[in-house]
Amino acid sequence: MTSRSSTRAHEPAVHAPDVREAHVPHVHEAPVPGGRGGPPAGRDGGSVTVSSPARNGLASPAARAMATLALLVLVPYAHPSLARLRVLTPLPEGEGLVVVPAPAPVASVGETTLVTETTEQAELRQPEEVALPAAAAELMPAAVASEGKPPRPIEDPSGKAMTPFFRALAAVERKAPQSIARITYFGDSIVASDFVTATLRRKLQKRFGDAGHGFMLMANAWPGYFHNDVVRFAGPGWQVSRVVGPFAKDGLYGLGGVSFRSQGAGVFSRFATAESGTYGRAVSRFAVDYLKHPEGGRMEVKIDGESREMIDTRADAASSAIATYEVPDGPHSIEVRAHSPGVRAFGVWMERDTPGVVLDAIGIQGCRIRFLDKSDDAHFAEQLRARSPSLTVFHYGMNESEDGELFPLDQYESTMKAVLEQVTAALPGSSCLLVGPMDRADKKGEVYRSRPVIPKLAAIQRRVAGQVGCGYFDTFGAMGGSGSMGIWVRRGLGGADLAHPSGAGAEVIGRWLYLALMDAYEGWKANAARP
């Protein structure tokens, strides 16, 4: 283990939960204690004794039938394994979204078992063309623009924070062989659902070329984890440790902040190119990111259903490993299957041997930027270098706004700076960008009031970005500043929790980021062309 930076010393014992918009009723990863997930027993253990014939209408045959029907409807919500039988569906995006608190970060060392399958989750898919609410266009024409000037530029006091990324884009644009502009985009629940990142990925790939989908976790470490333009499936049974807890004793979480371990043979994960749509239809290279270690087991890698390799992950000392598999550019699938206990894997990435853009959406539900320092420093740096991004993005502030000032703002600033300095030291030839927090509101009666901590967090992020040499995008200012979340909610762009964007709002922010990057890129090209 390498030495840790100071961010851990100030960590509170308990953290406030990350609240997100849920399209499905929330399911905790841990099994339901004391049973198989059936309905709770009655006060006397499930039986009811009556001393005389009941004449109350509640005991009539009709009432009993209604109670039985209600029980049948509710039973599937008592255990994750019955999720497919659920019939109560939340309203669509922007129409009274169900808001469900995510599990609070767990301040303990250990693992939790993922008891649900990772499935397609079609209800979370973001359309390639998102129809924005007419009310949003009427109020904010800039919000619905897909071309032109962004409402806020990329701020770069140094004038060179974005240069490495723009150089990579320029190489891609002139179709230089083997050129890829790779973006590794860290964030909280917004990114975990591929909100914002899907829009940005698609727009960049439409202009510069699709060089692959990028990094994905082995399975859904949270119920709302999702990736657009790719097919993913994993069976239940992976044991997980996460930077939001329960923590891995060795601090080895891979790039995505989650370590997956097999308890026995049979647990598996599968990834494939998209079967429909414009993006993600081809791959020419798979990479499996895993750990060699003294208790390692055997895992099999299959490509298109055919066994490609059996890997023994046992080693004298723990070390990261990448297994890469080349395939003819086109539609393909990969499966990683444990054949014994002790397999530890982090994720898979998909790329193509063609000039273009790759965007890794590294979403960690419940995360604050300081939590990235839960990883072993040397290990995290090694994982970053293995991806070699041209641009590293940090999109945090949602959960920090939940903390308010209970986590002192001076420590928020110092811990954020420590993480950014660690990343820039690991990637000295890469650009970095901070995406500032959205406005966040509380509602009393019909009045929406912005949380006072939001502009403070935005100011700190802007200041730290300048000190470390990163760019900064002012989301709070682009939205309209204080009071804007109430307007966004009424216009269909804000989530029902007054903290997250709706699907349409995420599309807007993704467009703004794309426009801001392209505006800065064109300015950089113009300056580079001057004698």
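Cut-offs used in this document
- Residues numbered from 1 in each chain as written.
- Predicted model: local features only at pLDDT ≥ 70, side-chain atom pairs only at ≥ 80, totals over all residues.
- Heavy atoms only, no water.
- Helix = DSSP H or I, 4+ residues; strand = E, 2+ residues; numbered from the N terminus.
- Buried < 20%, exposed > 50% of the residue type's maximum accessible area, 1.4 Å probe, protein only.
- Contact = heavy atoms within 4.5 Å.
- Areas by Shrake-Rupley, 256 points an atom, 1.4 Å probe, with all protein chains shown as cover.
- Core = buried A, V, L, I, M, F, W, Y, C linked by side-chain atoms within 4.5 Å.
- Polar contact = N/O pair within 3.5 Å; in protein donor to acceptor, adjacent residues only side chain to side chain.
- Disulfide = S-S within 2.5 Å.
- Pairing = 2+ DSSP bridges.
- Axes fitted to C-alpha atoms, helices over the stretch in contact; angles between N-to-C directions.
- Parallel < 35°, antiparallel > 145°, perpendicular 65-115°, else oblique.
- Left-handed = near helix turned anticlockwise from the far one by under 90°.

### Concerning the overall build of the chain
- Across its full length, the chain carries 12 helices and 21 strands.
- Going through the 531 residues of the chain one by one, you find that 55% of them count as buried.
- Considering only contacts in the chain between residues 6 or more positions apart, those separated by 24 or more positions represent 82%.
- For the chain, the accessible surface area stands at approximately 22,200 Å², while carbon and sulfur atoms represent 55% of it.

### Things to note about the environment of glutamine 422
- Within the secondary structure, glutamine 422 sits in helix 8 (residues 409-426).
- Separated by 44 residues in the primary sequence, glutamine 422 and alanine 378 have C-alpha atoms spaced 9.7 Å apart.
- Not counting chain neighbours up to four residues away, the residues in contact with glutamine 422 comprise Asp373, Asp377 and Phe380.

### Some details on the nonpolar core
- Among the nonpolar cores identified, the biggest contains 77 residues, and Phe186, Phe260, Val288, Ile334, Leu372 and Phe394 are the most heavily contacted of them.
- In this structure phenylalanine 186 touches Val191, Leu255, Ile362, Leu372, Phe380, Leu384, Thr392, Val393, Phe394, His395 and Tyr396, once residues within four positions along its chain are discounted.
- With 52 residues, the next largest nonpolar core counts Phe166, Ala181, Ala516 and Tyr521 among its residues.

### What to know about unusual backbone geometry
- Put simply, glycine 245 and proline 246 share a cis peptide bond, and its omega is -5 degrees.
- Relative to the assigned elements, proline 246 resides in the loop between strand 7 (239-242) and strand 8 (258-261).
- A positive phi is found at lysine 175, a non-glycine position, where the angle reads about 60 degrees.
- Among the structural elements, lysine 175 can be located in the loop between helix 3 (163-173) and strand 4 (180-187).

### Here we look at the environment of aspartate 329
- Relative to the helices and strands, aspartate 329 is located in strand 13 (residues 319-330).
- Taking the relative accessible area as the measure of exposure, aspartate 329 reaches 45% and is therefore partly exposed.
- Along the sequence, aspartate 329 and glutamate 351 sit 22 residues apart, while their C-alpha atoms lie 9.5 Å from each other.
- Sequence-distant contacts of aspartate 329, defined by excluding residues within four places in its chain, comprise Ala282, Val283, Ser284 and Arg352.
- In terms of polar contacts, aspartate 329 uses its side chain to reach the side chain of arginine 352, at 2.7 Å.

### A word on the state of the cysteines
- In total, this model carries 1 disulfide according to the counting rule given.
- Two residues, cysteine 432 and cysteine 470, share a disulfide whose sulfurs are 1.8 Å apart. Because the torsion about its S-S bond is -95 degrees, the bridge between cysteine 432 and cysteine 470 counts as left-handed. Placement of the pair is cysteine 432 in strand 18 (residues 431-435) and cysteine 470 in the loop between helix 9 (453-468) and strand 21 (471-473), with a sequence separation of 38 residues.

### Describing the sheet that holds strand 9 (residues 268-273)
- An order of 6-9-14-11-12 is seen for the 5 strands of this open sheet, with the pairing classed as antiparallel. Sheet topology places strand 6 (230-234) and strand 12 (306-312) at the edges, where each strand pairs with a single neighbour. On average, adjacent strands in this sheet sit at an angle of 15 degrees to one another, irrespective of strand direction.
- Pairing of strand 11 (residues 298-303) with strand 14 (residues 333-338) involves 5 bridges; the strand directions are antiparallel. Considered in strand 14, the bridge of isoleucine 303 is made with isoleucine 334.

### Focus on the sheet that holds strand 17 (residues 391-395)
- Strands sit in the order 16-4-17-18-21 across an open sheet of 5 strands; the sheet is parallel. Where the open sheet ends on each side, the last strands, each with one partner, are strand 16 (356-363) and strand 21. Each adjacent strand pair in this sheet contributes to an overall mean axis angle of 20 degrees, direction not counted.
- With respect to the sheet, helix 3 is in contact with strand 4, strand 16, strand 17 and strand 18, its orientation differing from that of strand 4 by roughly 135 degrees.
- The strands touched by helix 9 within the sheet are strand 18 and strand 21, with strand 21 carrying the most contacts at an inclination of about 160 degrees.

### A few points about the packing of helix 6 (residues 377-387) against helix 8
- At a minimum axis separation of 9 Å, helix 6 and helix 8 run at an interaxial angle of 50 degrees. Taken together, the axis directions place helix 6 and helix 8 in an arrangement best described as oblique. At the point where helix 6 passes helix 8, the crossing takes the right-handed sense. Where helix 6 approaches helix 8, its residues Asp377, Phe380, Ala381, Leu384 and Arg385 are matched on the opposing element by Gln422, Val423 and Ala426.

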